[in-house]
Amino acid sequence: MKRTYNDINLQNRNSFGVVESAAQLVEFETADDLRDYFAEQKPAKWYVLGGGNNTLFTQRYDGVILSPTSSKRTILNDDGESVDIRVEAAHDWDALVEWSVEEGLWGIENLSMIPSSVGAAPVQNIGAYGAEAKDAITTVEYFDTKTLNVVRLRNEECSFGYRESIFKHELRGVAIILAVEFRLHRTPKPNLGYGDVIKEVEARGGATLRNIREAICAIRSSKLPDPKILGNAGSFFKNPVVAKEVAERLLKQYPDMPHYAVAGTTESVKLAAGWLIDRAGLKGYRSGSVGVHDRQALVLVNYGGATGSEVIALADYVCSRVKECFDVAISPEVNIL
Ligand SMILES: Cc1cc2nc3c(=O)[nH]c(=O)nc-3n(C[C@H](O)[C@H](O)[C@H](O)COP(=O)(O)OP(=O)(O)OC[C@H]3O[C@@H](n4cnc5c(N)ncnc54)[C@H](O)[C@@H]3O)c2cc1C
């Protein structure tokens, strides 16, 4: 069943909490709802909105916001070691992680507390603490708005990369994800090699699923602002990937600069955007209702009442300062409308 709302306020549907509206919002349950809608209405402009945790509205959206409402979770297969599950797009991501931990299933525990709908998880291949959604995803099922058919893509067909997938490129504006399938495991496979995770897990008595989840939730809560209290969209900028000569030049000047290898090449190096912003002197910087978070420079925050345009003006300022200081371009991870 689908429900249509005209002239809808989006303030409670985006984690920045900016006050913007859309001409129309359509909530849908099934592929048939979408097929009917696209066949009858042929919408010229549309956007799929999950939880709005990675979307910044900068003006009234004069198209249709499509939002999934089905959140069924089904076990497809259980061979005693691996368990295949199908989860519909509107299922809350962290509720899925909590369920997996409760069931003793390994694979997504490091992705605890990422605010997301399951349908959005493959789009940017959500990742944290050395894990990515792609490590557990087997299949993504989507509605193709061009052919009006349901398509199933296997993991290797999704072009997953760092915060990347086919859904941000070839299938952008085409695919509406209906469900995602995952394979989780009963055999313990702790992934503790990232940051303070091992220390926090040991402090809780060792590498159980529950301890890992609690450790990661504690680390995240200490570093990231809660969007319910302070509007934000998590990391606003992507970590830039630069030519190795650029990294070498910067390392001569800043030997303590964090830098990471890029899979599959020795010619490029990934830098930490948060470090660059911090070193540009902007951690805690505030301009009116918006600012750079004082504990995590990658996060831009809405102190209350900000518009999307104010957030963008701040983002532009941050990018220009980083460019001036290091001659490195950084760009937003957030979807800007
Ligand atoms: C406090 C905070 C912390 C965060 N930490 C992390 C982190 O550690 N790691 C990380 O990777 N991200 C992180 N993020 C970003 C965010 O959690 C992810 O981008 C998440 O996937 C957004 O989910 P959503 O449902 O809210 O997406 P939305 O903002 O609603 O949509 C995001 C994108 O996905 C598309 N989309 C959504 N649903 C569908 C669908 N069903 N079909 C097709 N396209 C769809 C949208 O069109 C848009 O392009 C954080 C955000 C916040 C606010």
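For clarity, every value in this text was computed on a predicted model and none was experimentally measured.

S.K.: Sorry, what's going on with the pairing of strand β13 (residues 231-235) here?
M.R.: Working note: regular strand, side chains alternate between the two faces of the sheet. The buried fraction of β13 is high, at five of five residues. Sheet topology note: the β13/strand β19 (residues 299-302) ladder contains three bridges and is antiparallel. Within β19, the position partnered with S235 by the bridge is V299.

S.K.: Can you help me understand the environment of S117 in this one?
M.R.: Along the chain, S117 falls in the loop between α2 (93-102) and β8 (127-128). The spatial distance from the C-alpha of S117 to the C-alpha of N335 is 15 Å, given a sequence separation of 218 residues. Non-local contacts of S117, meaning those with residues more than four positions away in its chain, are made with G50, G51, A89, A90, H91, D92 and W93.

S.K.: Got a minute to help me understand the sheet that holds strand β14 (residues 241-243) in this structure?
M.R.: Read across the sheet, three strands follow the order β14-β16-β15 without closing on themselves; strand pairing throughout is antiparallel. Single-partner strands in this sheet number two, and they are β14 and β15 (259-262). Taken over all neighbouring pairs, the strand axes of this sheet differ in orientation by 45° on average, direction set aside. Sheet analysis places β15 next to strand β16 (residues 265-271), joined by four bridges and oriented antiparallel. Paired with Y260 across the two strands is K270, which belongs to β16. This element, helix α5 (residues 244-253), spans β14, β15 and β16 of the sheet and lies at about 50° to β16.

S.K.: How should the domain arrangement of the chain be read in this particular structure?
M.R.: Reports of interface size often rely on the accessible area that becomes lost once the parts have come together. Taken as a whole, the chain is organised into domain 1 (3-68), domain 2 (73-223) and domain 3 (231-336). Between the C-alpha centres of domain 2 and domain 3 there is a distance of 26 Å.

S.K.: Just to check I follow, could you spell out α2 for this structure?
M.R.: A turn of α-helix holds 3.6 residues, and therefore any two residues three or four places apart point the same way. Of the positions making up α2, those classed as buried are W93, L96, V97, S100 and V101. One side of α2 holds all its buried residues, which, seen down the axis, span an arc of 135°. Contacts made by the buried residues of α2 are with β7 (82-88), β12 (175-185) and α4 (209-223). Of the residues one or two after α2, G104 is the one with positive phi, at around 75°.

Definitions and cut-offs
- Residues numbered from 1 in each chain as written.
- Predicted model: local features only at pLDDT ≥ 70, side-chain atom pairs only at ≥ 80, totals over all residues.
- Buried ≥ 20, exposed ≤ 12 C-beta atoms within 10 Å, placed from the backbone.
- Helix = DSSP H or I, 4+ residues; strand = E, 2+ residues; numbered from the N terminus.
- Pairing = 2+ DSSP bridges.
- Contact = placed C-beta atoms within 7 Å.
- Axes fitted to C-alpha atoms, helices over the stretch in contact; angles between N-to-C directions.
- Domains from an automatic or database assignment.
- Arc of directions from axis to C-beta.

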